[in-house]
Amino acid sequence: MSDRDAGGSADEPADRDAADNLPVRRVSDWDADRLAELAAEHDTPLYVQDLDRVRENCERLRDAFPDADVRYAVKAHTGRAVLEAVREAGLDAECASAGEVDRALAAGFDGSRLHYTAVNPPARDLDYVVGVAEAEPDLTITVGAVDTLDRLAERGYDGRVCVRVNPGVGAGHHEKVRTGGAAKFGIPYDRAARAAQEAAERFDVVGIHAHAGSGIDSDQLDSHRELVARIGELARELAEPSNNGMSPVDLEYVDVGGGFGVPYEEDAPALDLPAVAEATREAISPLPAGVDLAIEPGRYVVADAGVLLTRVNTVKPTPDETVVGVDAGMTDLLRPAMYDAYHPIRNLGGGQARDGSDAPAPDDRSATPVTVAGPICETGDTLCRDRALADPARGDLLAVGIAGAYGYEMANQYNSRPRPAEVALDDRTAAVVRRRETLGDLTTVEREANPDRTGRTDRTEAGR
Ligand code: LLP
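Residues numbered from 1 in each chain as written. Predicted model: local features only at pLDDT ≥ 70, side-chain atom pairs only at ≥ 80, totals over all residues. Heavy atoms only, no water.

1. Details of the pairing of strand β4 (residues 114-118)
The element β4 is largely enclosed, with a buried count of 5 among its 5 residues. Of the two faces of β4, the one holding Leu114, Tyr116 and Ala118 and the one holding His115 and Thr117 are both buried throughout. Of the pairings in the sheet, the one linking strand β3 (residues 92-95) to β4 comprises 3 bridges and is parallel in character. When the bridges of β4 are listed, alanine 93 appears paired with leucine 114. Two strands pair when backbone bridges link them, and β4 and strand β5 (residues 140-143) are joined in this way by 4 bridges, in the parallel orientation. Counted as the bridge partner of histidine 115 is threonine 140 from β5. Remark: the β4/helix α5 (residues 123-135)/β5 crossover connection has right-handed handedness. (Buried < 20%, exposed > 50% of the residue type's maximum accessible area, 1.4 Å probe, protein only. Helix = DSSP H or I, 4+ residues; strand = E, 2+ residues; numbered from the N terminus. Pairing = 2+ DSSP bridges. Right-handed = clockwise from strand over helix to strand, strands pointing away.)

2. Things to note about the layout of surface pockets
Size it by volume and the largest pocket reaches roughly 700 Å³. Lining the largest pocket are 32 residues; nearest its centre among them are Lys75, Thr179, His211, Ser214 and Tyr406. Split into classes, the residues belonging to the lining of the largest pocket amount to 13 nonpolar, 9 polar and 10 charged. Two domains each donate at least three residues to the lining of the largest pocket, and these are domain 1 (3-46 + 303-440) and domain 2 (52-301). Taken as a whole, the second largest pocket spans an internal volume of roughly 520 Å³. The residue makeup of the lining of the second largest pocket, split by class, is 12 nonpolar, 5 polar and 6 charged. Taken together, domain 1 (3-46 + 303-440) and domain 2 (52-301) each give at least three residues to the lining of the second largest pocket, which thus spans both. (1 Å grid on protein atoms, 1.4 Å probe; cavity = no way out; pocket = protein on both sides within 12 Å on 5 of 7 lines; lining within 4 Å. Points joined across faces, edges and corners; volume = space filled by probe spheres on them. Nonpolar A, V, L, I, M, F, W, Y, C, P; charged D, E, K, R; others polar. Domains from an automatic or database assignment.)

3. What about empty space enclosed by the protein?
All chains considered together, the criterion is met by 3 cavities of 30 Å³ or more. Lining of the largest cavity is provided by Pro23, Val24, Asn57, Arg60, Val262, Pro263, Ala270, Leu271, Tyr300 and Asp304. Formed jointly, the lining of the largest cavity draws a minimum of three residues from each of two domains, domain 1 (3-46 + 303-440) and domain 2 (52-301).

4. A word on the domain arrangement of the protein chain
The parts lose accessible area when they come together, and the size of an interface is often stated as this lost area. Here the protein chain is partitioned into domain 1 (3-46 + 303-440) and domain 2 (52-301). On a C-alpha basis, the centres of domain 1 and domain 2 stand 33 Å from each other. Tallying the contact residues gives 34 residues for domain 1 and 31 residues for domain 2. With both chains or domains summed, domain 1 and domain 2 bury close to 2800 Å², and 47% of this area falls on carbon and sulfur atoms. Together, Arg26, Tyr339 and Tyr406 form the three largest contributors to the area buried by domain 1 at its contact with domain 2, with a combined 21%. Aspartate 426 serves as the salt-bridge partner of arginine 55, at 3.1 Å between the closest nitrogen and oxygen. Across the contact surface, domain 1 and domain 2 share 17 residue pairs in polar contact (both at pLDDT 80 or more). Secondary-structure elements contributing two or more residues to the side of domain 1 that touches domain 2 are α11 (335-339), β17 (421-426) and β18 (429-434). (Contact = heavy atoms within 4.5 Å. Buried area = accessible area lost by both parts, 1.4 Å probe. Salt bridge = Lys/Arg side-chain N within 4 Å of Asp/Glu carboxyl O. Polar contact = N/O pair within 3.5 Å; in protein donor to acceptor, adjacent residues only side chain to side chain.)

5. What to know about the site of the ligand
The full set close to the ligand counts 20 residues, and His173, Ser214, Arg299, Arg335 and Tyr406 are the nearest of them. Tyrosine 339 places a polar side-chain atom, nitrogen or oxygen, 2.8 Å from a nitrogen atom of the ligand. Contact between the ligand and tyrosine 406: an oxygen atom at 2.6 Å from a side-chain N or O atom of the residue. The site holding the ligand turns out to be the largest pocket. For the shell around the ligand, the per-class residue count stands at 6 nonpolar, 8 polar and 6 charged. Composition of the shell around the ligand by domain shows at least three residues from each of domain 1 (3-46 + 303-440) and domain 2 (52-301). (Near = heavy atom within 4 Å. Sits in = over half its atoms within 2 Å of the grid points.)

6. With respect to the state of the cysteines
What is meant by a disulfide is a covalent connection between two cysteines, made through their sulfur atoms. This model, assessed by the stated rule, comprises 0 disulfides. Take cysteine 95: it sits in no disulfide, and the sulfur closest to it among the cysteines is that of cysteine 162, at 14 Å. By relative accessible area, cysteine 95 is classed as buried at 0%. Just so you know, cysteine 384 is unpaired, no disulfide at all, and the nearest cysteine sulfur is the one on cysteine 377, 19 Å from it. The exposure class of cysteine 384 is buried, given its relative accessible area of 5%. (Disulfide = S-S within 2.5 Å.)

7. Structural notes on the pairing of β3
Of the two faces of β3, both are covered, the one formed by Asp92 and Glu94 as well as the one formed by Ala93 and Cys95. Pairing geometry for strand β2 (residues 69-73) and β3, over 3 bridges, is parallel. Paired with alanine 73 across the two strands is glutamate 94, which belongs to β3. Handedness of the β2-helix α3 (residues 80-88)-β3 crossover: right-handed.

In structure tokens, the structure reads:
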């Protein structure tokens, strides 16, 4: 991948509405003054999630797939405000754990709009979800192994089931997120029809499902098409089983998963969503009568609705490179360390030159190749390497773009670093939706387990 964005663009829409409904909201489209105000008020590192953009993305998906059931893959961003916005926009919720089901219920999704995808589900998760299904019998459980079906039956569950198939074809931005060909996920394609037919003897089998992977761009559409075609074929086979002696399975839907990519590089083209939708419809047709198409995008709904703000605390020239130290690292945004993921970075300025004077506005600085590194004691803790940014100065604010999906969700407390705060923008008003963690939060579970050894010092609450 090339490091192309110089940051510090002055091309801000005078009227923010002019930026609405863009195919992608770039880091250069955000209002720099607004972001600087938020950082001043709430400190950094700070996630900012714009609910208006989340709503626009939901709308764009519904427009492109007007006949499909659109289910938001909650794992991309589980914040309550986001879940409520998505529910109000009419999307269902696809949940990967008991915790996500719990959050979706709390955000007002009822059973008919809840889809729990069980991947080697811990017993605790199954107990919880089967309990929820007693009160919410319209909930659907997506199952990727016959063992999971048996474990549901052992718990007395005989409700709605969707069979997850391993389509044998995967796609995605990194090998670690290519699901479709990974044996971990789904029942192998050639056994799936029989598994679904047998499952129908014990459960109400309402759907079949396959997911290729995450971050599929236009170049990988062939894999998407292949997956969709295979699953369409399976739906037809289930509707009219050839002579294997089994009864037809009366499906409500065929779920072809999520994975719709978002361009991270500033000049990368946006996915042509209507074209993807058209290709999907073409590849899946003809679906048996009464069987609907379903999709479950996560990233596409929230990625470009979020930025991560971080402050420069160190500028260190070395013989090899200039290292720009910032207060956000791999604990706040894991994607660059985990997947070598590219996130655009824009210098919003505000820092001081060495002599203490105000550094010039970013547009008036030269572009300098830098490595932006966080505070974690690992070499991999960088947000970018050798990237041209408007020459950073200590105190500058950097906006890390396209951070709304799998950003806060993958944040963790490694190196005993409290997780950042998050602010949601809604119709231009800002509200803290996740407060910044404190040093005290880091030891809460230890202290509760062991009240005599408090693990706190008098200074704990003073430190941040
Ligand atoms: N459905 C299923 C069954 C999934 O496993 C996933 C994502 C989705 C839908 C949504 O995929 P999306 O539309 O968001 O691409 N942490 C990685 C992404 C992992 C995705 C896992 N499954 C990242 O930061 O790139």
